[in-house]
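# Structural features, examined
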Amino acid sequence: MFKSNGCTDLGNPIPCIVKGASRVSVVEVGFDNDPNIRTKSLYANGRMQVQVIVLMTVADDNGEPVEMPPEVLASVKLVHYNGGENLKNGWGAVDTENEYLHDLPGTASLARASAHHSSTVANAVPRSFAKKIVFWVSASAVGSTRIAAQVKIGGTVFTTNGTLPGRHDKSVTLTALLPNAYSGVNFHFDMVHGGKPWDGVRIHKYYVGLYPIRDGGVQTKLLNWSSANNAAGASVEFFQVFNQDKYKNLPHAVGFMVDKSIKEFSWASLANGGRYKTAVNERDGMLTIVQMTVNYAGRDSNKQAVFPFSAFDAYGTEHRLRIRTDLGRDNVTPDKEREYFVNFILERN
C-alpha cells in the first residue's frame, strides 16, 4: 500500500528512498470540485469572485505518484489558456475569499447541487498525493477568457493548455458581464425617529437599501461602503451644524456614516459630557446613518455639507451615492415631539 511519503510498505526494515517529483501525473481545473461544469459568469466589478480549483498530483521519473514538494506547490498558478501568460487585462486571482457572493442570481442553487461531485483526480491516485489548490478569480473588464493552470517542477514549466510537456488539456471558461447600474429610485432611504430625547439628546437613524425595480423590488443587499476619508473602515462624521451666535463650536446636530462591522454606535456630546449609544446595522443588507441632535438643530447655521460615498452590493458592484444637507428653512424640520432635526437627502452621485 502507499504511504504518505510515496513509498510502498512491504514490511521491509530497509529505509525507503523517495524519488523527487519530475512531472505532472494527473490534473483537473474546475469549479466547486465538479468537472462537469466548465463555464461560469461573474460581474466585471473587480470584487465578485469565482472559485477555481486545481487538483493535481506529481510523479517521479517512473510515473509513480510522490508527495508534492513545497516549492512546487507554491509555483501553481492560473494563466490564460491561450499563450500560457499570467492573468491580465483585468483578470486576476488570489488565494483569499472575500465577503461578496460568488454566483450570479439564479445560479447559486446549481453551485450547491454540484458540490457532491468528486474530481477524477481524487479517484485516480491515493488521496494523500492529490493536492487541492483554491483560487478566487475576479475581473474588472467585460469579456471572456479561458483559464488553465501552470506549475513549475525543477526547470520545467507544465501548463494545462495541451502544449508540451505532458499535453495536459484542462481549463475553464469565465465570462465577465457588465455590472447592474441603478437609478436613484431603486435606493430606499428610510428614516426612523429617535423617540423621546435621552438626557436632551435625540437620535434619528436612516437606512440605505437597494430594491431594484427590475427585480420586482426584491432586495439586493448592501454589504459595505467606503468614502475618501474613512481609513480602516471607521465611522465617518460627515455633518455638523451649530449655532455660532449662542454656542461657540458646540455641536447641535451631527451626522455619521456608520462602520458596517459594528453593532452599537456611541457619541460623546459636548453639551453635557454624556455618551449616547444606539444599535446600528440591525437591518440586514442595509447601511446605517445616525444623526444626533441636542435640543435645537441650528436653524441659524449657514453650514452646508455633501457627503459622497460608495455602497457595495452583495455581488461587489459599486454604487456611487451622496447625502446632501441643505440647511435652508425647508430642511430643518420639527418631528412629532416638536424637536428639530436636519433632513438628510440621498442622491445618486
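Above this note sits the structure.
Heads up: these notes are all about the structure in this document. (Residues numbered from 1 in each chain as written. Predicted model: local features only at pLDDT ≥ 70, side-chain atom pairs only at ≥ 80, totals over all residues. Heavy atoms only, no water.)

Moving on to the layout of surface pockets. Computed from the structure, the largest pocket encloses a volume of approximately 180 Å³. The wall of the largest pocket is formed by 14 residues, among which Pro105, Asp215, Gln219, Thr220 and Tyr315 lie closest to the centre. Tallied by class, residues from the lining of the largest pocket come to 7 nonpolar, 4 polar and 3 charged. (1 Å grid on protein atoms, 1.4 Å probe; cavity = no way out; pocket = protein on both sides within 12 Å on 5 of 7 lines; lining within 4 Å. Points joined across faces, edges and corners; volume = space filled by probe spheres on them. Nonpolar A, V, L, I, M, F, W, Y, C, P; charged D, E, K, R; others polar.)

What you see with strand 10 (residues 172-177) is a clean split: Val172, Leu174 and Ala176 sit on the buried side and Thr173, Thr175 and Leu177 on the side with no burial. Examined bridge by bridge, strand 2 (residues 39-43) and strand 10 share 5 bridges and lie parallel to one another. Pairing of Ser41 across the sheet is with Thr175, part of strand 10. In terms of strand pairing, strand 8 (residues 143-153) meets strand 10 through 5 bridges, oriented antiparallel. (Buried < 20%, exposed > 50% of the residue type's maximum accessible area, 1.4 Å probe, protein only. Helix = DSSP H or I, 4+ residues; strand = E, 2+ residues; numbered from the N terminus. Pairing = 2+ DSSP bridges.)

What follows covers the packing of aromatic side chains. Under the criterion given, the structure shown has 8 aromatic pairs. Consider the rings of Phe238 and Phe307, whose centres lie 4.8 Å apart with planes at 20°: the pair is stacked. Of the two residues, Phe238 sits in strand 14 (residues 236-241) while Phe307 sits in strand 19 (residues 305-313), which places them 69 residues apart along the sequence. Taken as a pair, Phe238 and Phe307 share a single burial class, namely buried. Geometrically, the ring pair formed by Phe256 and Phe265 is tilted, given 4.8 Å between the ring centres and 55° between the ring planes. Just as Phe256 is buried, Phe265 falls in that class too. (Phe/Tyr/Trp six-rings, centres within 6.5 Å; stacked < 30°, edge-to-face > 60°.)

What follows concerns the pairing of strand 3 (residues 50-59). With 10 of 10 residues buried, strand 3 lies mostly within the body of the structure. As defined by bridge partners, strand 1 (residues 23-30) adjoins strand 3 across 7 bridges and the pair is classed as antiparallel. Bridge assignment links Val27 to a residue of strand 3, and that residue is Met56. Sheet analysis places strand 3 next to strand 7 (residues 131-139), joined by 7 bridges and oriented antiparallel. The residue of strand 7 that forms the bridge with Ile53 is Val134. In the sheet, strand 3 pairs with strand 4 (residues 65-66) via 2 bridges, with the strands oriented antiparallel. By the bridge assignment, Ala59 is partnered in strand 4 with Pro65.

Attention shifts here to the nonpolar core. Most often, soluble globular proteins have nonpolar side chains that are buried together. Judged by nonpolar contacts, the single largest core of 36 residues is most densely connected at Val54, Met56, Leu78, Trp91, Val151 and Leu174. When residues of this core are traced back to their parent elements, those giving at least two are strand 1, strand 2, strand 3, strand 7, strand 8 and strand 10. A per-element tally of this core places strand 3 first, with 5 residues. In this structure Trp91 touches Leu42, His80, Val137, Ser138, Ala139, Gly143, Ser144, Thr145, Leu174, Thr175 and Ala176, once residues within four positions along its chain are discounted. With 25 residues, the next largest nonpolar core counts Val236, Ala305, Ile323 and Val342 among its residues. (Core = buried A, V, L, I, M, F, W, Y, C linked by side-chain atoms within 4.5 Å. Contact = heavy atoms within 4.5 Å.)

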